[in-house]
Amino acid sequence: MPAQPLNRICYVEDDEDIQKIVRMSLERVGKMTVEVVSDPMRAIEAIKAFKPELVMLDWMMPGMDGPTLFRKMKELPEVSGLPVVFITAKASQAELDELRALGAAGTISKPFSPRDLPEQLRAIWSKLP
């Protein structure tokens, strides 16, 4: 279990409405600091600059989907060790199993309850080595 509480999250998501819901949920309810990145092509630079403790990736995004971005992160030493949680409504069980095999920390299904999201993330965080 990580020694420090979960405070800094980078969320890569192209949908502005979902960005707002997640930011409100994590900042107001969860008392976390959230950096939202709407362009997956700029996500890795933003993650390096923000230095989050955990990264949340949307599954489906224009330009580069979450799984592709995750694989790119795994190739870069500066971000390869960050825990990644996928937010998805579309992924099949086989795809989710493949991501876990690659090292994803967890998944959260859409639709989710904004009230419960901080606790869902903390539950995933608490299981990390």
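Structure first, text after, so check above.
Thresholds applied
Residues numbered from 1 in each chain as written. Predicted model: local features only at pLDDT ≥ 70, side-chain atom pairs only at ≥ 80, totals over all residues. Heavy atoms only, no water. Helix = DSSP H or I, 4+ residues; strand = E, 2+ residues; numbered from the N terminus. Buried < 20%, exposed > 50% of the residue type's maximum accessible area, 1.4 Å probe, protein only. Contact = heavy atoms within 4.5 Å. Areas by Shrake-Rupley, 256 points an atom, 1.4 Å probe, with all protein chains shown as cover. Axes fitted to C-alpha atoms, helices over the stretch in contact; angles between N-to-C directions. Parallel < 35°, antiparallel > 145°, perpendicular 65-115°, else oblique. Left-handed = near helix turned anticlockwise from the far one by under 90°. Nonpolar A, V, L, I, M, F, W, Y, C, P; charged D, E, K, R; others polar. Pairing = 2+ DSSP bridges. Right-handed = clockwise from strand over helix to strand, strands pointing away. Patch = residues over 30% accessible without salt bridge, like charges linked within 9 Å, V, L, I, M, F, W, Y side chains within 5 Å. Salt bridge = Lys/Arg side-chain N within 4 Å of Asp/Glu carboxyl O. Lys, Arg positive; Asp, Glu negative; His and termini not counted. Charge placed at Lys NZ, Arg CZ, Asp CG, Glu CD.

1. Re the overall build of the chain
Helix and strand counts for the chain come out as 5 helices and 5 strands. If you line up the chain on its principal axes, its C-alpha atoms span 30 × 30 × 30 Å. Counting the 129 residues in the chain, one finds 46% classified as buried. By sequence separation, contacts in the chain at least 24 residues apart represent 65% of the contacts at least 6 residues apart. Total accessible area computed for the chain in this model is approximately 6,800 Å², and 53% of it derives from carbon and sulfur atoms.

2. Section: the packing of helix 2 (residues 43-50) against helix 3 (residues 66-74)
At a minimum axis distance of 11 Å, the contact between helix 2 and helix 3 shows a crossing angle of 55°. One element, helix 2, and the other, helix 3, form an angle in the oblique class. Like other packed secondary-structure pairs, helix 2 and helix 3 cross with a definite hand, here right-handed. Residues Ala43, Ile44 and Ile47 of helix 2 lie in contact with helix 3, whose contacting residues are Leu69, Lys72 and Met73. Partitioned by chemical class, the residues of the contact of helix 2 with helix 3 number 5 nonpolar, no polar and 1 charged.

3. Here's the deal with the pairing of strand 2 (residues 33-37)
The pairing of strand 1 (residues 8-12) with strand 2 spans 5 bridges and is classified as parallel. Within strand 2, the residue paired with Ile9 across the bridge is Val34. As for the winding sense of the linkage, the β-α-β connection from strand 1 through helix 1 (residues 16-29) to strand 2 is right-handed.

4. Considering a negative patch on the surface
A cluster of like negative charges, contributed by Asp14, Asp15, Glu16 and Asp17, occupies part of the molecular surface. You can see Glu16 is positioned in helix 1.

5. Some details on the pairing of strand 4 (residues 84-88)
With 5 of 5 residues buried, strand 4 is to be regarded as a mostly interior element. Taking every second residue as pointing to the same face, both faces of strand 4 are buried, with Val84, Phe86 and Thr88 on one and Val85 and Ile87 on the other. Across 4 bridges, strand 3 (residues 54-58) lies against strand 4 in parallel orientation. Bridge pairing links Leu57 to Phe86 in strand 4. Here strand 4 pairs with strand 5 (residues 106-109) via 4 bridges, running parallel. By the bridge assignment, Thr88 is partnered in strand 5 with Ser109. A crossover connection joins strand 4 to the parallel strand 5 through helix 4 (residues 93-102); in handedness this β-α-β unit is right-handed.

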